[in-house]
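Spelled out, the chains give:
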Number of protein chains: 2
Amino acid sequence: MTEEIKTHLQLRRVAIDTYKENVAYLHRDCLVYRSEGFQALSKVEIQPAGDGVSVLATLNVVEDAEITAPGQIGLSLQAFEQLGLPEGTPATVGHAKPPESLHAVHRKIAGQRLDFEDYVDITHDIVANRYAKIEMAAFLVACSETGMEREEVLYLTRAMAASGERLNWHETLVADKHCIGGIPGNRTSMLVVPIVAAHGMVIPKTSSRAITSPAGTADTMEVLAEVELPLDRLDEIVRAERGCLAWGGTARLAPVDDILISVERPLSIDSPGQLVASILAKKLAAGATHLLVDIPMGPTAKVRSQAGAMRLRKLFEFVGDRVGLQIDVIITDGHQPIGRGIGPVLETRDVMQVLQNDPNQPRDLREKALQLASRILEFDPDVRGGQGYVLARDILDSGRAMDKMNAIIDAQGRNEHTYALGRLSRTVNAGHAGRINAIDNERMAHIARLAGAPMDKGAGVDLYKKVGDSVDKGEALYAIYAEFDADFGFACDAATADSGFTLAP
Amino acid sequence: MTEEIKTHLQLRRVAIDTYKENVAYLHRDCLVYRSEGFQALSKVEIQPAGDGVSVLATLNVVEDAEITAPGQIGLSLQAFEQLGLPEGTPATVGHAKPPESLHAVHRKIAGQRLDFEDYVDITHDIVANRYAKIEMAAFLVACSETGMEREEVLYLTRAMAASGERLNWHETLVADKHCIGGIPGNRTSMLVVPIVAAHGMVIPKTSSRAITSPAGTADTMEVLAEVELPLDRLDEIVRAERGCLAWGGTARLAPVDDILISVERPLSIDSPGQLVASILAKKLAAGATHLLVDIPMGPTAKVRSQAGAMRLRKLFEFVGDRVGLQIDVIITDGHQPIGRGIGPVLETRDVMQVLQNDPNQPRDLREKALQLASRILEFDPDVRGGQGYVLARDILDSGRAMDKMNAIIDAQGRNEHTYALGRLSRTVNAGHAGRINAIDNERMAHIARLAGAPMDKGAGVDLYKKVGDSVDKGEALYAIYAEFDADFGFACDAATADSGFTLAP
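In this text the structure is predicted, and so the values were computed from the model without any measurement. (Residues numbered from 1 in each chain as written. Chains lettered and ligands numbered in written order. Predicted model: local features only at pLDDT ≥ 70, side-chain atom pairs only at ≥ 80, totals over all residues. Heavy atoms only, no water.)

A. Structural detail: the overall build of chain A. Within chain A, the regular secondary structure consists of 18 helices and 19 strands. For chain A, the C-alpha radius of gyration of 25 Å lies close to 23 Å, the compact-globule estimate for 505 residues. The C-alpha extent of chain A, read off along each of the three principal axes, is 75 × 55 × 45 Å. A burial count over chain A gives 60% of its 505 residues as buried. Taking all contacts inside chain A whose residues are at least 6 apart in sequence as the whole, residues at least 24 apart take part in 80%. Accessible surface for chain A amounts to roughly 18,800 Å². Of this, 48% is attributable to carbon and sulfur atoms. If you average the places of the 53 positive and of the 69 negative side-chain charges in chain A, the two averages end up 4 Å apart. (Helix = DSSP H or I, 4+ residues; strand = E, 2+ residues; numbered from the N terminus. Rg over C-alpha atoms; globule rule 2.2 N^0.38 Å. Buried < 20%, exposed > 50% of the residue type's maximum accessible area, 1.4 Å probe, protein only. Contact = heavy atoms within 4.5 Å. Areas by Shrake-Rupley, 256 points an atom, 1.4 Å probe, with all protein chains shown as cover. Lys, Arg positive; Asp, Glu negative; His and termini not counted. Charge placed at Lys NZ, Arg CZ, Asp CG, Glu CD.)

Here you go:
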């Protein structure tokens, strides 16, 4: 990749996590820095002596020999691990040619349509860590909202799905479900999977951990059972139980997605095209054949209008049909959190109440889970259209879903340790009497995160009231639970500043 | 900006130059990192104790206490200097709200038109270092090629011009010239300024140093005279001599431009809108009233088609008219380097040969300078249309331009030290006999830079042949000059791989 032969420097590990971007450090007085005319933010290529594979990195200039001395080439953690060589290994550093696929990104910026090959090349270079963050940002912006034809979303989906491993369950019908997110407490997978698996349909659910939410399905399931399972174990479990609730990170499914998310998230870019490609690529790679997509809609949800939800549904359907995924999209009520608990332990409690047919169970969570499960059950050719709901309800009411959940927990490895609720707690009370008009999903998620969720399993928010309930002045709206004093203080301060509840007198 | 009160950490200077981006470093074991749920790439706000001004920074997570220990908050050089406080100062760190103007960037990404206020807000936040690199990349891409109406280019120009200082020369006609760049050796300013100033017209030329080229006007003029002059000195010089050739960096003219360039350059984004706004904002801030813009066009120039040149010209005219700059745009021949030398010392030699009417002078440089100077002279209401050329030629031929150049050199401070050509040199020879069909501007610039230009004043390339010349096999096409062995090796290797010359048999 470089054009000329360079002087050797010594590799050095610089213990800085630059998060999905390779960064290289050169001392300002290093001869190589001087003679090469590098500039900060230059893209450099580090080539270890011998015939090792090189890495590309973005250059930062250092003035402290304790970090990187003249004669050394420092690499941030990811870049150092990518090389996989010991410190002190001689390496040359040269100007890196930008990855070839950046030409396609520039064409995209210029408003042109890219073809399948372009998306494959871009995906390939990103997975190989050849893109700097600003280059990924450029790609994402160029591909956002107005930028992508639906055919291009299809190309990107295919390219992303092909960027990593692909699971094969050796079944003709492999069901999956996905919610686009944004609604706290919405832990339906832990109900849908046991219901569907109890029916005998294969549903190997792999989930992510929370990124910006107070709990992901993986974080919550972890309260009950082991979720970090090697692929061969997963295969055994699904063969025996028809379903699982595992963390998806052990398989390298559509890895390009994780890298792009690292830039999308801080940029708050969440365009329909990227969303659809990201979800469908992961599901394809996970070996699904049938997929139910849940799009919650509401004023504080991710999708805020019927028109927006409909556009997104059409895009899911268009791409799904063409990649061979049978897709059913359901637009659900997203105007407030689902269930009562927000945070792993609290959400687990809600789920178990529903499975146990506890009279005190959150009815909205039960109803939503039945609604979703019924749609998945109807993927089964033997289930008559319209019979899914009754079937799902029977499985739940009869205790068969609970039995299946216990079987899955045992198969994955039941947690010996019982997680407790956070030791610190406080209620947040109504400032005046009235009727609850709205509960802000984003605010509740923020407060629960500040309290320590999902890192502290027992932290979070427990809702005592939902939209439509009436309260007296001083009556508790919800409780905050936390493990640590600092977290507790942050969450309480945030709730005081804005409780997330709107009361009409 | 932050929502909650945070635990105090101790400020620490981390000697890493992250180039126009504020970066903060927190140790992975730091309680604040843990409890805040920060993620790498999070935007954080560092608020020093007392009522100091806070800074925003992008977070990197550190695992080495030598770089930043738990209990400390490390800041990269720019961010540390921006705070201007001693190490150890207590400070709180919290989640930063994204800068308000990012909402406008998101509207731009969504394809909407922004108004003047939006551009002012964005510019303001960028100058205050509130944007991360990926946010600047998002803005630049959203505003590139297809993204900006010409009214928006006007808004951006005004906002950028207002982002820093503004010079006032107290003259009714202040001339300036600007070339959009890309042609090595094209050192016309050092001829145009003395010709125009000798006529009595005010032309206070401030130039940049080279960014990606082997020599800027400031780098080249520095061979002869002091160029880093305080504003009051510049004012005196221009009052006395009517012209100057100084470095523009001493004044903070349109500083947002320098920040955006730090992302544009590595991204190779160079959209017409950004280009026009960047140039005109700098010229407005520099106090120009009349501006000649040189757009070289050719197969290896920045602008490669007549249509592209024309579109760019119209955009310059549209914005120029509306910001009160009288603009004349000239499209020039950019199909090969101008003059013979490429690099500060060699280009100075060419300029002096033209000023001294040396019979061996590069005629193309002379002709181009006369052409440009004639257009500027015709800004003078007393110069009859079409008479500029004769006037410019008389000034040059009579030696008045040389006298004026000497006066300007003396006024700025004549260089005691004489710069020599690089001590290492080699000629690059024709592989076969033939006629020179093309010389690649980009390649010649690259070779000259590898040789050490502009950092080593005496380094560069001296062209012996130009397009249309015939050569025998083995005849020298050009010489490479360098000061250092490594540089010399890189440049020679590059010339061997591709000399930049195309010969037809």
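B. Region of the structure containing the nonpolar core. Formed by 113 residues in total, the largest nonpolar core has its most connected members in Phe316(A) and Phe316(B). With residues up to four places along the chain from it excluded, the contact list for Phe316(B) reads Ile180(B), Val276(B), Ile279(B), Leu280(B), Val293(B), Ile295(B), Ile327(B) and Val329(B). (Core = buried A, V, L, I, M, F, W, Y, C linked by side-chain atoms within 4.5 Å.)

C. Helix H16 (residues 400–412) of chain B, seen in detail. The end-to-end C-alpha distance of H16(B) is 18 Å, a good match for the 18 Å that 13 residues give at a rise of 1.5 Å each. Trailing H16(B) by a residue or two, Gly413(B) shows a phi angle of about 115°, which is positive. (Expected span 1.5 Å × (residues − 1).)

D. Quick look at the packing of helix H3 (residues 102–109) of chain B against helix H4 (residues 116–127) of chain B. Residues and elements named next belong to chain B. At their nearest, the axes of H3 and H4 sit 9 Å apart, and the two run at 125° to each other. Comparing the axis directions of H3 and H4 gives the class oblique. The interaxial crossing formed by H3 with H4 has left-handed handedness. Taken together, the residues of H4 that come into contact with H3 (itself represented by Ala104, Val105, Arg107 and Lys108) are Asp118, Tyr119 and Ile122. Residues belonging to the contact of H3 with H4 are distributed by class as follows: 4 nonpolar, no polar and 3 charged. (Axes fitted to C-alpha atoms, helices over the stretch in contact; angles between N-to-C directions. Parallel < 35°, antiparallel > 145°, perpendicular 65-115°, else oblique. Left-handed = near helix turned anticlockwise from the far one by under 90°. Nonpolar A, V, L, I, M, F, W, Y, C, P; charged D, E, K, R; others polar.)

E. Quick look at the side chain of His290(A). All names here are of chain A. Among the structural elements, His290 can be located in strand E11 (residues 290–297). A polar side-chain atom of His290 sits 2.7 Å from a polar atom in the side chain of Thr289. Among residues more than four places away in sequence, those in contact with His290 are Leu173, Val174, Ala175, Asp176, Leu325, Gln326 and Phe379. (Polar contact = N/O pair within 3.5 Å; in protein donor to acceptor, adjacent residues only side chain to side chain.)

F. The arrangement of the sheet that holds strand E14 (residues 424–429) of chain A in detail. Residue and element names in this part refer to chain A. The strand order across the open sheet formed by 4 strands is E13-E16-E18-E14, and the pairing between neighbours is antiparallel. The sheet terminates laterally at strand E13 (341–342) and E14, the two strands that pair on one side only. Inspection of the sheet shows E14 paired to strand E18 (residues 476–482) by 6 bridges, in the antiparallel sense. Along E18, the bridge assignment pairs Arg426 with Ile480. (Pairing = 2+ DSSP bridges.)

G. Spotlight on the environment of His432(A). All names here are of chain A. Locating His432 in the fold gives a position in the loop between E14 and strand E15 (434–439). You can call His432 partly exposed: its relative accessible area is 37%. For the pair His432 and Ala504, spaced 72 residues apart in sequence, the C-alpha separation works out to 9.2 Å. Among all residues touching His432, those that are not within four sequence positions of it are Val471, Asp472, Lys473, Leu503 and Pro505.

H. Spotlight on a negative patch on the surface. Together, Glu100(A), Asp115(A), Glu117(A) and Asp121(A) line one region of the surface with negative charge. Tracing the chain through its elements places Asp115(A) in the loop between helix H3 (102–109) and helix H4 (116–127). (Patch = residues over 30% accessible without salt bridge, like charges linked within 9 Å, V, L, I, M, F, W, Y side chains within 5 Å. Salt bridge = Lys/Arg side-chain N within 4 Å of Asp/Glu carboxyl O.)

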